[in-house]
Amino acid sequence: MAKKRRRSKKKNSQGVATIIFLLALFVIGGGMGVRYVMNNYIADQRAQTSKPADSETPEQRQQHRFINSVAKPAVNVYKDNHQVLPSIVVAQAIVESNWGHSQLYQQANNPFGIKGSYNGHTKSFPTNEYVNGKEERINANFRVYPNLQAAILDHDAVVAQQFLPAHVTNYRMAAKLLQQNGYATDPTYAKKLINVINTYSLNRFDGY
């Protein structure tokens, strides 16, 4: 009888060892599986992160370059004078110059459609104006700037003097006041500015 008990204990210990061995394999295999899943997940995330940049069209890349080219000096100027929010400056440049494609911008460094002369420099360009609610094509004299920085400085001074009260820090209010005070004759001007700012998150530049 005693011998039978020893055999039973031996079988039990072997069974326990087998279970422990199988559990160890499961844990090791599970860990490898978790690492495999995590590695695939991380790789997928990286691929998704890089995909938008890779899938950008030439037009989108040009738009991003234009935004950055205007935003940098607009932010620097705003830090000094706190006159016009950078988001408004960039949005106006986009709307007025059609993303930098207008002749006025390419030939006169004037992305804002400001008429008149700058230090005696002016040039005539065709433009669309709304007269009695109807859009008309006319020729007008516009300011010619030596560079974009000069255009932004002059633009901010003109806007602060004629179209916006001091310390307007809400881009929606600024857009509405620009239209209300006659910066542009387009009856949907404020709506266009606000839409551009929201679409391209231009208000991120207002926080520097």
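Residues numbered from 1 in each chain as written. Predicted model: local features only at pLDDT ≥ 70, side-chain atom pairs only at ≥ 80, totals over all residues. Heavy atoms only, no water.

Enquirer: Can you explain the pattern of salt bridges? Please cite residues and give values.
Expert: A side chain with one charge can pair with a side chain of the opposite charge if their charged atoms come near. Within the structure shown, the criterion is met by two salt bridges. Here Asp154 and Arg143 are joined by a salt bridge, their closest N and O atoms 2.8 Å apart. Here the residue Asp154 occupies a position in helix α5 (residues 148-162), and Arg143 occupies one in strand β2 (residues 134-143), the gap between them amounting to 11 residues. The class for Asp154 is buried, based on a relative accessible area of 15%. Using a relative accessible area of 17% as the deciding quantity, one classes Arg143 as buried. One salt bridge in this structure joins Lys192 and Asp186, with 2.6 Å as the shortest N-O distance. (Salt bridge = Lys/Arg side-chain N within 4 Å of Asp/Glu carboxyl O. Helix = DSSP H or I, 4+ residues; strand = E, 2+ residues; numbered from the N terminus. Buried < 20%, exposed > 50% of the residue type's maximum accessible area, 1.4 Å probe, protein only.)

Enquirer: Help me get a handle on the packing of helix α2 (residues 58-81) against α5, residues and values and all.
Expert: Between α2 and α5, the least distance of the axes is 10 Å, while the angle of their chain directions is 45 degrees. Considered as vectors, α2 and α5 are oriented oblique to each other. Here the hand of the crossing between α2 and α5 comes out right-handed. Residues Ser69, Val70, Pro73, Ala74, Val77 and Asn81 of α2 pack against Leu148, Gln149, Ile152, Leu153 and Asp156 of α5. Grouping the amino acids of the contact of α2 with α5 by side-chain chemistry returns seven nonpolar, three polar and one charged. (Axes fitted to C-alpha atoms, helices over the stretch in contact; angles between N-to-C directions. Parallel < 35°, antiparallel > 145°, perpendicular 65-115°, else oblique. Left-handed = near helix turned anticlockwise from the far one by under 90°. Contact = heavy atoms within 4.5 Å. Nonpolar A, V, L, I, M, F, W, Y, C, P; charged D, E, K, R; others polar.)

Enquirer: Go over the packing of aromatic side chains with me, naming the residues and quoting the values.
Expert: Think of a pair of aromatic rings as described by two things: how far the centres are apart, and how the planes are tilted against each other in angle. For the structure on display, the rule yields seven aromatic pairs. Ring centres of Tyr118 and Tyr145 lie 4.8 Å apart, and the angle between their planes is 50 degrees; this geometry places the pair in the tilted category. Taken as a pair, Tyr118 in the loop between α4 (103-108) and β1 (122-131) and Tyr145 in the loop between β2 and α5 lie far apart in primary sequence, 27 residues in all. Residue Tyr145 is classed as buried on the basis of its relative accessible area of 3%. (Phe/Tyr/Trp six-rings, centres within 6.5 Å; stacked < 30°, edge-to-face > 60°.)

Enquirer: Outline the pairing of β1, listing residues and values.
Expert: Taken together, the 10 bridges between β1 and β2 define a ladder with antiparallel strand orientation. Pairing of Val131 across the sheet is with Lys134, part of β2. Counting the residues that bridge the hairpin from β1 to β2 gives two residues, and of these Asn132 lies at a positive phi of roughly 55 degrees. (Pairing = 2+ DSSP bridges.)

Enquirer: Outline unusual backbone geometry, supporting the account with residue identities and numerical values.
Expert: A positive phi is found at Asn98, a non-glycine position, where the angle reads about 55 degrees. Within the secondary structure layout, Asn98 lies in the loop between α3 (86-97) and α4. We classify Asn98 as partly exposed; its relative accessible area is 47%.

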